[in-house]
Amino acid sequence: MTEARDLLIRDATLPDGRTGQDLLILAGRIAAVGPALAAPPGLPTLDARGWLLSAPFVDAHFHMDATLSYGLPRVNASGTLLEGIALWGELKPQLTQEALVERALQYCDWAVAKGLLAIRSHVDICDDRLLAVEALLEVKRRVAPCLDLQLVAFPQDGVLRRPGALANLTRALDLGVEVVGGIPHFERTMADGAESVRLLCELAAERGLRVDMHCDESDDPLSRHIETLAHHAQRLGLQGRVTGSHLTSMHSMDNYYVSKLLPLIAEAGVHAVANPLINITLQGRHDTYPKRRGMTRVPELMAAGVNVAFGHDCVMDPWYSLGSGDMLEVAQMGLHVAQMTSQAQMRACFDAVTTNAAKVLGLDGHGLDIGCHGDVVLLQARSPVEAIRLRATRLAVVRRGQVIARCAPAQAVLDLPGRGPATVDWTLQR
């Protein structure tokens, strides 16, 4: 008897360029990939019609506790990072667990519809009630059948700067939050920032957990906590389990120092996460002209052997008024800001929101290899580059062999004077 988690996908194009490929999912896992696969009779079938079949999108950096709160209690008038933090501080006392859960669940619906099936979300632990922690743990439980939600204990106000923050962070970990977070550049001094990195990395090492620091989210070229983070990652044997997020000060650092820094990050096995939509929006606010882009040195990090992923970071919250959970929008902005326009670089931007991001989260079974989870996204595009160009329609989203979202192909019907009716689907047939 065919199980509900069995599915055969026919005639797909894969991200590596192979065409005419079938993908067989049995009991929720990929059992075979290749042309003209044999399959048991009665197996549900999805005809890909030559469109691009990809592993799901992964968001390596997000703030789900703040999402969809735009305008509460007011709008960020300056558009700066610091006003956003202050605004979030004003909003926190007004939060309720019910509202937090409702907004997060709505966003998760958006994410699933966009083929985004794994999210690492930072959750503020500086509210002594741990209201957001409890809310997102409940959301994590409820969305588990369709989406992997990984939570980071994030001391938004500084783990040393905010009294009681370290105790709250420990409590959050005890409740089930999986990753240790930090924000060293927001501590009162550079020395406190460095001390917070040491303290939090040691806490993670003791508990066998991962680390993800908001690190050097600044235009200050002397904000260099990533160097300290790489040092402690190597000292404590945390290679592959530590992430430096944002790293925007690297955009302002001199080239000589960066030539020393990049090998240190690579040797320590530290992942890097850029957040193109937010970095290009928040950074450079104190510049006149020339105005800095602010996003970290993505192509240089990749060339040094560092695993680099992109995150959405914010959607309709105190820091960012736009967004829809579309990781192809994120990849497209990253491509433009970093001027990554070669074919290989554009494909690398697609990887930054799929395979590279999965490595940041430490996801098992993410991909299109035999044995991986039967989680895939069918995109109305012929290649990863075309998917980014078009922010391609998600024709089908599959989770563990079950189709959980569908969308009709995007096309326009034209009726042009002198030419008659025609249709346009924006893809290039080759």
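Residues numbered from 1 in each chain as written. Predicted model: local features only at pLDDT ≥ 70, side-chain atom pairs only at ≥ 80, totals over all residues. Heavy atoms only, no water.

### Points about the sheet that holds strand β5 (residues 52–54)
Where strands meet in a sheet, backbone hydrogen bonds hold them as pairs that are either parallel or antiparallel. Operational definition: In this analysis, strands are considered paired if DSSP registers two or more bridges between them. Counting from the N terminus, the helices are the DSSP runs of H or I reaching at least four residues and the strands are the DSSP runs of E reaching at least two. As a rule, the C-alpha atoms of each element are fitted with a line to give its axis, helices using only the stretch in contact, and angles between N-to-C directions run from 0 to 180 degrees.
Pairing is antiparallel in the open sheet, where four strands are placed in the order β5-β14-β15-β16. This sheet does not close on itself; its edge strands, each paired only once, are β5 and β16 (402–406). Going across the sheet, the axis of each strand differs from the next one's by a mean of 20°, ignoring polarity. Where β5 meets strand β14 (residues 376–379), three bridges bridge the pair, whose relative direction is antiparallel. Residue L53 lies in a different strand from β14, and its bridge partner there is L378.

### What to know about helix α3 (residues 131–143)
The line we're drawing: One fewer than the residue count of a helix, multiplied by 1.5 Å, yields its expected span. Each residue gets one of three labels from its accessible area relative to the maximum for its type: buried under 20%, exposed over 50%, partly exposed in between, using a 1.4 Å probe on protein chains only. The contact criterion used is simple: two residues touch if any of their non-hydrogen atoms lie within 4.5 Å.
The terminal C-alpha atoms of α3 lie 18 Å apart, and with 13 residues this matches the ideal 18 Å at 1.5 Å per residue to within 8%. Burial in α3 covers these residues: L131, A132, V133, A135, L136, V139 and V143. Structurally, α3 contributes buried residues whose contacts are with α2 (97–113), β7 (116–124), β8 (148–154) and α4 (165–175).

### Remarks on unusual backbone geometry
Of note, the amide linkage connecting L72 to P73 takes the cis form, showing an omega dihedral of -10°. Residue position: P73 is located in the loop between β6 (57–62) and α1 (81–91). Residue P290 is reached from Y289 by a cis peptide bond, and omega for that bond is 0°. Structurally, P290 can be placed in the loop between α8 (276–282) and α9 (298–303). Phi is positive for A27, which is not a glycine, with a value near 50°. If you trace the backbone, A27 turns up in the loop between β2 (21–26) and β3 (29–34).

### A word on the sheet that holds β2
Read from one edge of the open sheet, four strands run β3-β2-β1-β4, paired in mixed fashion. The open sheet has two edge strands with one neighbour each: β3 and β4 (45–47). Looking at each pair of strands side by side, their axes are set apart by 15° on average, direction ignored. In this structure, strand β1 (residues 7–12) lies alongside β2, joined through four bridges in antiparallel fashion. Bridge assignment links L7 to a residue of β2, and that residue is I25.

### Overview of the packing of aromatic side chains
We count it as follows: Centres within 6.5 Å are what make two rings of Phe, Tyr or Trp a pair, Trp counting through its six-membered ring; a difference in plane orientation under 30 degrees is then read as stacked, over 60 as edge-to-face, and the rest as tilted.
Under the criterion given, the structure shown has four aromatic pairs. Summarising the aromatic geometry, the rings of F57 and F350 are spaced 6.0 Å apart at their centres and angled 70° between planes, so their arrangement reads as edge-to-face. Taken together, the residues F57 in strand β6 and F350 in helix α11 (residues 343–352) connect sequence positions 293 residues apart. Of the two residues examined, F57 and F350, each falls in the buried class. A ring pair is formed by W88 and W319, whose centres lie 6.4 Å apart and whose planes are at 45°; its orientation type is tilted.

### Things to note about the pattern of salt bridges
Oppositely charged side chains are able to pair whenever their charged atoms sit close together. The following threshold applies: Each salt bridge in this description consists of a side-chain nitrogen of Lys or Arg and a carboxyl oxygen of Asp or Glu lying within 4 Å of one another.
According to the stated counting rule, one finds 26 salt bridges in the structure shown. The salt bridge partner of D128 is R162, with a shortest N-O separation of 3.5 Å. Of this pair, D128 sits in the loop between β7 and α3 while R162 sits in the loop between β8 and α4, placing them 34 residues apart in sequence. Judged by relative accessible area, which is 44%, D128 ranks as partly exposed. Overall, the relative accessible area of 23% leaves R162 in the partly exposed class. When the shortest N-O distance is used, the salt bridge between E202 and R235 registers 2.9 Å. Of this pair, E202 sits in helix α5 (residues 190–207) while R235 sits in helix α6 (residues 225–235), placing them 33 residues apart in sequence.

Note that every value here comes from positions in space, so none of it alone points to a role or purpose.
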